[in-house]
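Listed below, chain by chain, are the residues.
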Amino acid sequence: MNVTTRNPPPAARSTYRHGDLRRALLDAGIELARQGGPDAVVLREATRRAGVAPNAAYRHFANRDDLLGAVRAAAVAAAARFMEMELARVPATGTATAQAHAKVRAVGAGYLRFAHAETGLFRTAFGGRFTVQHDPDPAMGGTTGLNPFQHLGAALDDLVAAGALPPARRPGAEYLAWSTVHGMALLAIDGPLRGTPQQLLDMVGQRLLDMVERGL
């Protein structure tokens, strides 16, 4: 009688083997931020969700702040994509002035929509260490490669090119527009306007964008 010797099954691997571990950790961090804002981004929880031992994360992120920085960049890029969706709706017809004004409104509308739709990511993107960079991080760019601040700057430059904004008033205009729209977003998600019906917020948001246009 012949006896067949079978090799034992291979032991289960404890190391991550499902693809890009850095991407998996980042995706887990983004989901944590989506659910609870920047304070919810914890390296140990990200590794648990990725299904790896905590020490495995240190090959890709030096510490929690390192992971949070990558998550924040992804959140800023998400804001840029919301702006790009609004910009894509701007009609290709009409005068240069009308299109330039529509682009400014689209950037502001995308920012407000992002704050309402992705509140956790909004807080992560703009509630901490986001800074206006002279050498922008590509990770903060949307589909076009532009980050939110660059989209706003480009829209304002179009206003100048169309003759709708005097060149002398262009310097610093992005800070004025941004602070106005950002203030409205914070009032709606964290301030006294929290809980206001969305229909009313949308109406107030449109009037706010009217005010920004006139104020420029």
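First, a word on scope: everything that follows refers to the structure included in this document. Keep in mind it's a predicted model, so treat the numbers as computed, not measured.

## A look at the nonpolar core
- With 60 residues, the main nonpolar core has F114, F122, F126 and L216 as its most contacted residues.
- In terms of residues, this core owes the most to one element, helix α3 (residues 64-87), which gives twelve residues.
- With near-sequence residues (within four places) excluded, F126 lies in contact with A79, Y111, F114, P148, W178 and H182.

## A short note on the side chain of R170
- Within the secondary structure, R170 sits in the loop between α6 (148-161) and α7 (173-189).
- Owing to a relative accessible area of 14%, R170 belongs among the buried residues under this scheme.
- Not counting residues within four places of it along the chain, the set of residues in contact with R170 comprises G153, L156, D157, V160 and L165.

## Section: empty space enclosed by the protein
- Evaluation of the coordinates by the stated rule reveals one cavity of 30 Å³ or more.
- Of the volumes computed, that of the largest cavity is approximately 160 Å³.
- When residues of the lining of the largest cavity are traced back to their parent elements, those giving at least two are α4 (96-117), α6, α7 and α8 (198-215).
- Tallying contributions element by element places α4 first for the lining of the largest cavity, with five residues.
- Here the lining of the largest cavity is composed, by residue class, of 13 nonpolar, one polar and two charged.

## Examining the layout of surface pockets
- In this structure, the largest pocket spans a volume of roughly 210 Å³.
- Lining of the largest pocket is provided by E86, A109, L112, R113, H116, M184, Q198, L201, D202, G205, Q206 and L209.
- If you list the elements that add at least two residues to the lining of the largest pocket, you get α4 and α8.
- Looking at the lining of the largest pocket element by element, the count peaks at six residues for α8.
- When its residues are assigned to classes, the lining of the largest pocket shows five nonpolar, four polar and three charged.

## Description of the side chain of H151
- Summarising the element assignment, H151 is placed in helix α6.
- Judged by its relative accessible area of 6%, H151 is buried.
- Apart from the residues within four sequence positions on either side, H151 is in contact with A80, M83, E84, L87, V107, T144 and L146.

## Brief notes about the packing of aromatic side chains
- Tallied over the entire structure, the rule returns eight aromatic pairs.
- Taking 5.7 Å as the distance between ring centres and 35 degrees as the angle between the ring planes, the aromatic pair formed by F149 and Y175 counts as tilted. In this pair, F149 is assigned in helix α6 and Y175 in helix α7, connecting sequence segments 26 residues apart.
- Judged by its relative accessible area of 48%, Y175 is partly exposed.
- Centre to centre, the rings of F149 and W178 are 5.5 Å apart; their planes meet at 40 degrees, and the pair counts as tilted. With F149 in helix α6 and W178 in helix α7, this residue pair connects regions lying 29 residues apart in the sequence. As far as the burial class goes, F149 and W178 line up, both buried.
- Ring pairs connect the aromatic residues F82, Y111, F114, F122, F126, F149, Y175 and W178, which therefore count as one cluster.

Cut-offs applied
- Residues numbered from 1 in each chain as written.
- Predicted model: local features only at pLDDT ≥ 70, side-chain atom pairs only at ≥ 80, totals over all residues.
- Heavy atoms only, no water.
- Core = buried A, V, L, I, M, F, W, Y, C linked by side-chain atoms within 4.5 Å.
- Buried < 20%, exposed > 50% of the residue type's maximum accessible area, 1.4 Å probe, protein only.
- Helix = DSSP H or I, 4+ residues; strand = E, 2+ residues; numbered from the N terminus.
- Contact = heavy atoms within 4.5 Å.
- 1 Å grid on protein atoms, 1.4 Å probe; cavity = no way out; pocket = protein on both sides within 12 Å on 5 of 7 lines; lining within 4 Å.
- Points joined across faces, edges and corners; volume = space filled by probe spheres on them.
- Nonpolar A, V, L, I, M, F, W, Y, C, P; charged D, E, K, R; others polar.
- Phe/Tyr/Trp six-rings, centres within 6.5 Å; stacked < 30°, edge-to-face > 60°.

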